[in-house]
Amino acid sequence: MTIKLRLAFCLLLLCQITLAQSDSITSLKEVFVSDKNLKKYSASQSVLKLNDSIINKNEALLTDLLNFNSTLYFKEYGRGMLSTVSFRGTTSSQTAVIWNGININSQMNGSTDFNTISSSDYNSVSVKAGGGSVIYGSGAIGGTVHLNNDLSFLNRFENNLRLDYGSFNTIGINYKTSISNKKWSTQIGFSKNSSTNDYKYLNRYTWRGEQRWNQNGQYDIITLNANVGYKVNENHIVKLYSQTSNTDRNTSLIVETETKSKYVNGFNRNLLEYDGNFGKLKTNFKTAYIFENYQYFADNSNNNFTYGKTENLITKLDLDYTLFKSTQVNGIIDYSRTNGYGTSFGSHVREISSASLLLRQDIGDNWKNEIGVRKEFTNNYKSPLLFNLGSSYKFNDWYNLKLNISRNFRIPTYNDLYWETGGNPNLKPENSYQGEIGNVFTFKNFTWTQNFYYIKIKDMLQWVPGTGGIWTPQNQDKVNSYGTETLLSWRKNYGKNNFAANATYAYTISQDEKTKNQIFFVPFNKATGAVSYSRNKVSAYYQILYNGFVYTTADNSKDEIINDYLISNIGIDYDLKFLDSFKIGFQVLNLLNKDYESLENRPMPGRNFNVYLTLKF
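Here's what I pulled together on the structure shown here. (Residues numbered from 1 in each chain as written. Predicted model: local features only at pLDDT ≥ 70, side-chain atom pairs only at ≥ 80, totals over all residues. Heavy atoms only, no water.)

### Brief notes about the overall build of the protein
Part 1: The helix and strand tally for the protein stands at six helices and 35 strands.
Part 2: In terms of overall size, the protein behaves like a compact globule, its C-alpha atoms giving a radius of gyration of 24 Å where 617 residues would be expected to give roughly 25 Å.
Part 3: For the protein, the spread of C-alpha atoms along the principal axes amounts to about 70 × 60 × 50 Å.
Part 4: For the protein, the residues scored as buried account for 54% of the 617 residues in total.
Part 5: Taking the intrachain contacts of the protein between residues at least 6 apart in sequence as the baseline, contacts between residues at least 24 apart amount to 62%.
Part 6: For the protein, the exposed surface amounts to about 27,300 Å²; the carbon and sulfur share of it is 57%.
Part 7: The positive charge centre, built from 65 side chains, and the negative charge centre, built from 52, are 6 Å apart in the protein. (Helix = DSSP H or I, 4+ residues; strand = E, 2+ residues; numbered from the N terminus. Rg over C-alpha atoms; globule rule 2.2 N^0.38 Å. Buried < 20%, exposed > 50% of the residue type's maximum accessible area, 1.4 Å probe, protein only. Contact = heavy atoms within 4.5 Å. Areas by Shrake-Rupley, 256 points an atom, 1.4 Å probe, with all protein chains shown as cover. Lys, Arg positive; Asp, Glu negative; His and termini not counted. Charge placed at Lys NZ, Arg CZ, Asp CG, Glu CD.)

### Observations concerning the nonpolar core
Part 1: One finds Leu62, Leu66, Leu72, Phe114, Val125, Val145 and Leu147 to be the most contacted residues of the largest nonpolar core, which totals 27 residues.
Part 2: Residues in contact with Leu147, not counting those within four places in the same chain, are Leu62, Val97, Ile98, Trp99, Asn100, Ile104, Ile117, Tyr122, Ser124 and Val125. (Core = buried A, V, L, I, M, F, W, Y, C linked by side-chain atoms within 4.5 Å.)

### Section: the packing of aromatic side chains
Part 1: Within this structure, the stated rule accounts for 28 aromatic pairs.
Part 2: On the basis of an interplanar angle of 50 degrees and a centroid distance of 5.8 Å, the ring pair of Phe524 and Phe549 is categorised as tilted. Of this pair, Phe524 sits in the loop between strand 28 (497–512) and strand 29 (525–535) while Phe549 sits in the loop between strand 30 (538–547) and strand 31 (550–551), placing them 25 residues apart in sequence.
Part 3: For Phe549, a relative accessible area of 30% translates into the label partly exposed.
Part 4: In this structure an aromatic cluster arises from ring pairing among Trp367, Tyr393, Phe395, Trp398, Tyr399, Phe441, Phe443 and Trp448. (Phe/Tyr/Trp six-rings, centres within 6.5 Å; stacked < 30°, edge-to-face > 60°.)

### A look at the pairing of strand 17 (residues 261–278)
Part 1: Where strand 16 (residues 236–251) lies against strand 17, 16 bridges are found, and the strand directions are antiparallel. Across the sheet, the residue bridging to Asp248 is Val264, located in strand 17.
Part 2: From the end of strand 17 to the start of strand 18 (residues 281–297), which pair antiparallel, there are two residues, and Gly279 there has a positive phi angle of about 75 degrees. (Pairing = 2+ DSSP bridges.)

### Re the sheet that holds strand 2 (residues 47–50)
By definition, the strands of a sheet pair up through backbone hydrogen bonds, in either a parallel or an antiparallel sense.
Part 1: Across the sheet, five strands lie side by side as 2-7-8-5-6; this open sheet has mixed pairing. For this open sheet the edge positions go to strand 2 and strand 6 (102–103), each flanked by a neighbour on one side alone.
Part 2: Pairing analysis gives six bridges linking strand 7 (residues 124–129) to strand 8 (residues 143–148), with the strands arranged antiparallel. Bridge assignment links Ser126 to a residue of strand 8, and that residue is His146.

Dropping the structure here:
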């Protein structure tokens, strides 16, 4: 389906459902979350929720939001290019991305490109640290990133529009409308982010002394969202989530003599969900269809390309039974069928079934316990029995102790199993054990979370040279990752003056068990910080990001590293108080004009600017 047809479909859907709008406003706050298990089974782990106010202070793409506000480390192939994540010292395919409760990591390579996702397309973005494979399946080893579209059933008609224009001809458009009453809830969204991306490289010149700049770095990302909920009655709700996106992106040149290439990829996600309440028994049924594809043009001056496509059908039934007032049991069964076909891995079908059993017990208001087990069944690999054990005890008003141990895994991807030539159909899933201790201290306006963790990964997949020089994946690495995470937040009001501050810090050791070397592209240290101030119509903020140095080779050669860097952004906006809100804002990014990169030979831009206009009506 072309992007034009997808746009027409969403506009048609909008025309059909605007009949549900209402101008009256009520104070009733009835919100139905898109991922109930995120809150229900996370008492023993750390969850960082980023809401609208934080999302709006950052650049549009998800990489920027998480880079400046969490402990996640990102490796970017230049501004707006491919962006991969490392969470608690793991690889990019060991962090699962969850869309409204469904794992959306690529079936082809097992990871998610965070520079193809716009943060403002969601009501909230949450980061859950630690293992989550019992609920979310493959890849949830380091942690999970949750993209949520929550529906509210109250009488309202609300529109939000944001327009951005910045350096390098960067254009951002984001529009969201929410239309609902006590029976219907609708959200329609559109976002477009594009840039010629032709920034100069700081302090870098050709052998002729000519200024070097980012060539062939253009990108254009368009996303459409349509979410609808219908409340049959107080006990039965039907919801439909739909999202489609297309990313047309050139690949920045490392040297000026390279051939210019292009990468086009897209996805279409549709999720139908039913919630039923039968007293002690509650049901949740989901069925999803997820389509993803890519085209790679090695020379974008002609139409020759390689391609890959997957179609994934997911069906999931979750039965929640209240044994006692304090004890709930969830039984979950799901089935997925993936059909993949492409230039480099042929045509293959993979079917996976799984069964999970979850138990939550609340002993009083202060002690919460969680237990979960999961087993998958497929002909493509042998799945281990996964488990999760967690406990949270609140000793008093200011101290909460959390304990969690789990077994998690990652399945081989289509590229791992079937790549021509070199794929290995005999691979085993990556297997990990994890233990963590969380300490949460709360003092009036100040919250301090301190986590300690240890992860042991075996059978890690690595592509290595084989017979005839052909690279092939093997289960050969064993990795031990351990460290600590610090999360700080503070908020205080002095009359009309509102202050807030947030900070994160991660210290990470991620070592190959045999060589004792640090895994490459995993920094020992990462820190973020932000302070904000608002009074009446004016608000301002300042944020920093520090990434420690990283090795770029497995032997930890000191001559092959990416240097550490500290960058900062500053922003201010003014509300003209026209309509519900009419804000004009200005941001300076990379304020101190630092020359830095997160991947060798992929420089990021120096000081640049962005102006924006936000309207709420």
